[in-house]
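# Observations on the model geometry
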Amino acid sequence: MNDIEISSLLDKVRGNDMTRQQFIRRMVGVGLSVPMAAQMLLTSGLAQAQTSSSYKPTKRGGGGALKLLWWQGATLLQPHFASGTKDQEGSRIFYEPLAAWDNDGNMVPILAAEVPTSSNGGVSRDGKIITWKLKKNVLWHDGKPFTADDVVFTAAYAADPATSAYTKGSYSDVKVSKVDSHTVRVEYQKASPFWADPLVSAAGMIIPKHIFESFKGATSRDAPANLRPVGTGPYKFTDFKPGDMLRGVINNDYHEPNRPYFDSIEMKGGGDAVSAARAVLQTGEYDYAWNLQVEDELLLRLEQGGKGRTSITPGGNIEFIQLNMADPWTEIEGERAHASSKHPILSDKAVREAISLVVDRAGVQKFIYGRTGIATSNFLNNPKRFVSPNTKFEFNPDKAAQILEAAGWRRGSDGIREKGGRKLKLVFQTSINGPRQKTQQIIKQAAQKAGIDMELKSVPASVFFSSDPANPDTYTKFFADIQMFTTTMPQPDPEVFMNQYQSSQFATKANKWLGRNSTRYNNPEYDKVYLAAQSEMDPVKRAAMFIRMNDMPINDIAIIPLVYRPRTAGIVNNLVAPLSGWDNDLWLLKDWYKTT
Amino acid sequence: MFRYILRRLMIAVPSLLGISLVLFTVLAMAPGDPFSELVSNPNIPPEVALALRQKFGLDDPLMVRYWNWLTAMLQGDWGYSFISRINVETLIMQRIPVTLLLIGSSQLLALCIAIPVGVYAATRPYSIFDQIASTLAFIGFSLPTFFTGILLILFFSIHLDWLPFVYRADIPETGWRFFWEHFKQMIMPVMVLGMFQAGAWTRYVRSAVLDVIRLDYVTTARSKGLSEKVVITKHVLRNALIPVVTLVALQMPAIFGGAIVTEQIFRVPGIGSLIISSMLANDTPVVMAVTFVFSTLVIACNLLADILYGWLDPRISYH
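Residues numbered from 1 in each chain as written. Chains lettered and ligands numbered in written order. Predicted model: local features only at pLDDT ≥ 70, side-chain atom pairs only at ≥ 80, totals over all residues.

Assigned secondary structure in chain B consists of 13 helices and 0 strands. Of the regular secondary structure in chain B, the N- to C-terminal order runs α-α-α-α-α-α-α-α-α-α-α-α-α. Considering only C-alpha atoms, chain B reaches an extent of 85 × 60 × 35 Å along its principal axes. Out of the 319 residues in chain B, the part that is buried amounts to 36%. Of all intrachain contacts in chain B linking residues separated by at least 6 positions in sequence, the fraction that spans at least 24 positions is 71%. (Helix = DSSP H or I, 4+ residues; strand = E, 2+ residues; numbered from the N terminus. Buried ≥ 20, exposed ≤ 12 C-beta atoms within 10 Å, placed from the backbone. Contact = placed C-beta atoms within 7 Å.)

Right, here's the structure in full:
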């Protein structure tokens, strides 16, 4: 079945000649998974089935206290200033977006009455106008009704440059307006296949107009509600100490029946990941621990305590290696790794091929990451429909040696190859982090066998990931030959994620190295496909475009994907907590409960 | 006396200025950036980070930033946290009670152990009691707190399952259960810190008492027929405690400074954990305020120790 056939089927569904179930069955028949087929319907603006909830409790409350352990505590509770997930999670207890993402990348309505689709009139034919219908029975925690005004205000608040909201990017190019008291229209400047960024998920948490109205723009930092949230969520705010403790109590006016289950909630912050894992898996002192960045070996040992289990949720985060396409060692116009330069050694594709062959991905997974890092040959690993079937990886230092030999790199007396008087010596940098240093070692040893000398460099994480334009060791500057880190894919749609190989995204002195293309990959073909994908409304064609984009830097060996990293959390045995790799851990907090 | 205190206070001003300048420069030159998380997140436009840097004055020259900080500090404005976006004093005030309670009780515990044990051991030097006390004291201050802390957690929390190892500053229970829960969670951190301190202090008290107990006036007191108890408490202890007082007074700022390692292990929300998380997040105003308050306290406690000297030993006079 090719993409034209699928498109015609989608048209049938659109024209009500075929039901959604029939479509999904056809797709499953040709080998697609159910979520994947549902995804096609969603992005083509067609109604989707409600994710069936497994929520069992038949009355509100009575569940006692829910104790969450966040080893990095929330430091503020204004979702639009939440830089890291810890702050988003803290805010998510109290605030809700119009819709959220479940683990299959499906949209689930939260404050919206339904997900906009073209069949219910929510998505316009040209993909430029989205109409959201809001739930009518929702109250803010202070008793005021939730209306379209709040949604419009939230968008204006975040888009205001003087507010300096971290969510500004989601709102700066859209126009949000009120249709009636419970209908909101979002207008895009051009057709937007991925329209579900503003008002959805972490960036889409709606804040009350009547509370924040006088604190928009420059005065935003003075709002008392930045630390005392008034939201619509399942729990009401009681008390907050930044970085330490956040407490909430059941919201008896919550807009969904029988929810929430717990009478109170507390989120304790601080400490380290290992002892957080211990407090849930081994002693059961806490019910849930977030982001357990702990070696898998240790997690397995702690799980033997029998009090809890580790949950592994696939998302889109990937640990990968970048090869510098520009020359980091020569200054051009006072700038190292200048956009116009070519790397003296790595511009030889034979060298890049050889490096790719000395990276033992299976070994890295087996000996270092275990369940928490799956070896991959792709940069884009999730959702399933964007995964390229065209790439593969191989570990073979002998073959690497042959390729180098054939390309004219001859071994010197010290075992290191050289060509034209230039030694095959490369600087390989990464941040200081146990598993990363081990991975560096494994790669260095294999590289040595093939005659490549790697000088390992480890930079403290606070420097490596900083935006300080004065520091030469940041990963965006990439003043080294090779570097390795994890990049995060925050949404189930890869559009934003894949902009990091566009030539317009080059990290340069002019943009204070804030551009996202740090590997300085330059391929006009890529730029063209990316531009086309941005307005391609056909989901199947669009997915094919992203697969092509995934393949380009990998086939050119500008990057070497290593392992993709699912999210790990600790859950006490009797707690039912639906998690998603595409949203915050607390995206469906309203449905958390304990079995007895 | 008054002139002495005045002079000491006058000297304190330039030293505090110097300290603050050095702290500020070091923090400004240290690598890292409070808005680094913004850069690695593809969804945040770069101009947001640039606008924030400008708003918080991070792009100004160092001396301008220092001057702004200093003038604000002199007017009682401690600054504004980049990370939590609230005033620094609010942040510090939230952490002070826990720190005072925890570190205060551990210091008290240390004193309650160190003085009696040290004195008793000194009155019977090289006895079995002295040998055991010395051995334990050496073990006490040789073992680092991160080791003893984890050891206690493994034994009391995981093996026996008696005590919680996550410290909660606000416990929802009321009445006697409130105190019981507080007591239970404080046992381990207080023991870890108290024992460590007690080890060192016991050794000090012992040697101070030993120095005094051999002096002639003690022999005189004994030959007058005074009871051993009176000799030790009235004659020996008062003189022996002079060096100990200095030691304890210099330790006082630590009560406010918290204990970074122990607080991290037991998740105690004190000043120590505040400063470490602020440092990791490059939240300069918080780090600056805490370290500056801390250095002020060190200077004040030094002065206090000197004044206490005169009270304990009238032979020392001030000019």
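With that settled, consider the interface of chain B and chain A. Listed per partner, the contact involves 42 residues of chain B and 45 residues of chain A. Secondary-structure elements contributing two or more residues to the side of chain B that touches chain A are helix H2 (36–40), helix H3 (46–55), helix H5 (88–123), helix H7 (145–159) and helix H12 (271–280) of chain B. The element best represented in the side of chain B that touches chain A is H3(B), accounting for 6 residues. Here the side of chain B that touches chain A is built from residues that sort into 23 nonpolar, 11 polar and 8 charged. (Nonpolar A, V, L, I, M, F, W, Y, C, P; charged D, E, K, R; others polar.)

This part takes up the environment of A:Arg436. Residues and elements named next belong to chain A. Within the secondary structure, Arg 436 is located in helix H13 (residues 434–449). When the 19 C-beta atoms within 10 Å are taken as the criterion, Arg 436 is described as partly exposed. Once the C-alpha coordinates of Arg 436 and His 343 are considered, the two residues, 93 residues apart in sequence, prove to be 24 Å apart. If near-sequence neighbours (up to four positions away) are discounted, Arg 436 is found in contact with Thr 430, Ser 431 and Met 484.

What follows concerns the confidence of the model for chain A. Residues of chain A with pLDDT of at least 70 account for 91%, and the chain-wide mean is 88. In the predicted structure, residues 45–49 of chain A sits below a pLDDT of 50 and forms 21 contacts with residues beyond four places in sequence or in another chain. (pLDDT = per-residue confidence, 0-100.)

Turning our attention to helix H6 (residues 128–142) of chain B. All names here are of chain B. Along its 15 residues, H6 runs 21 Å from first to last C-alpha, staying within 8% of the 21 Å computed at 1.5 Å per residue. When H6 is considered as a whole, its buried residues turn out to be Ala 133, Ala 137 and Gly 140. Summarising the axial view, the buried residues of H6 lie within an arc of 60°, below the 170-degree limit, and thus occupy one face. When the buried face of H6 is taken as reference, the exposed residues oriented beyond 90 degrees from it are Ile 128, Gln 131, Ile 132, Thr 135, Ile 139 and Ser 142. (Expected span 1.5 Å × (residues − 1). Arc of directions from axis to C-beta.)

What follows concerns the pairing of strand S23 (residues 567–572) of chain A. Residues and elements named next belong to chain A. Across the 6 residues of S23, 5 count as buried, placing the element largely inside the fold. Examined bridge by bridge, strand S10 (residues 288–289) and S23 share 2 bridges and lie antiparallel to one another. Of the residues in S23, the one forming a bridge with Ala 289 is Gly 570. Two strands pair when backbone bridges link them, and strand S11 (residues 308–313) and S23 are joined in this way by 6 bridges, in the antiparallel orientation. In the strand pairing of S23, Thr 310 is matched with Gly 570. (Pairing = 2+ DSSP bridges.)

Let's shift gears to the sheet that holds strand S17 (residues 417–419) of chain A. Residue and element names in this part refer to chain A. Reading across the sheet, the 3 strands line up as S16-S17-S18 and stay open at both edges, with antiparallel pairing between neighbours. Every other strand in the sheet has two partners, leaving strand S16 (410–411) and strand S18 (422–423) as the edge strands with one partner each. Looking at chain direction, S16 and S17 are connected through 2 bridges and run antiparallel. Each bridged residue has a counterpart across the sheet, and for Arg 411 the counterpart in S17 is Arg 417.

Look at helix H1 (residues 2–29) of chain B: 41 Å from first C-alpha to last across 28 residues, which is about the 40 Å you get at 1.5 Å a residue. Across the 28 residues that make up H1(B), only a small minority, 1, are buried.

With that settled, the discussion passes to the packing of H5(B) against H6(B). Residue and element names in this part refer to chain B. Contact pair H5 / H6: the axes reach a minimum separation of 8 Å and the direction vectors enclose 135°. One finds that H5 runs oblique with respect to H6. Crossing of H5 over H6 shows left-handed handedness. Counted together, Val 117, Tyr 120 and Ala 121 of H5 and Phe 129, Asp 130 and Ala 133 of H6 form the full contact between these two elements. (Axes fitted to C-alpha atoms, helices over the stretch in contact; angles between N-to-C directions. Parallel < 35°, antiparallel > 145°, perpendicular 65-115°, else oblique. Left-handed = near helix turned anticlockwise from the far one by under 90°.)

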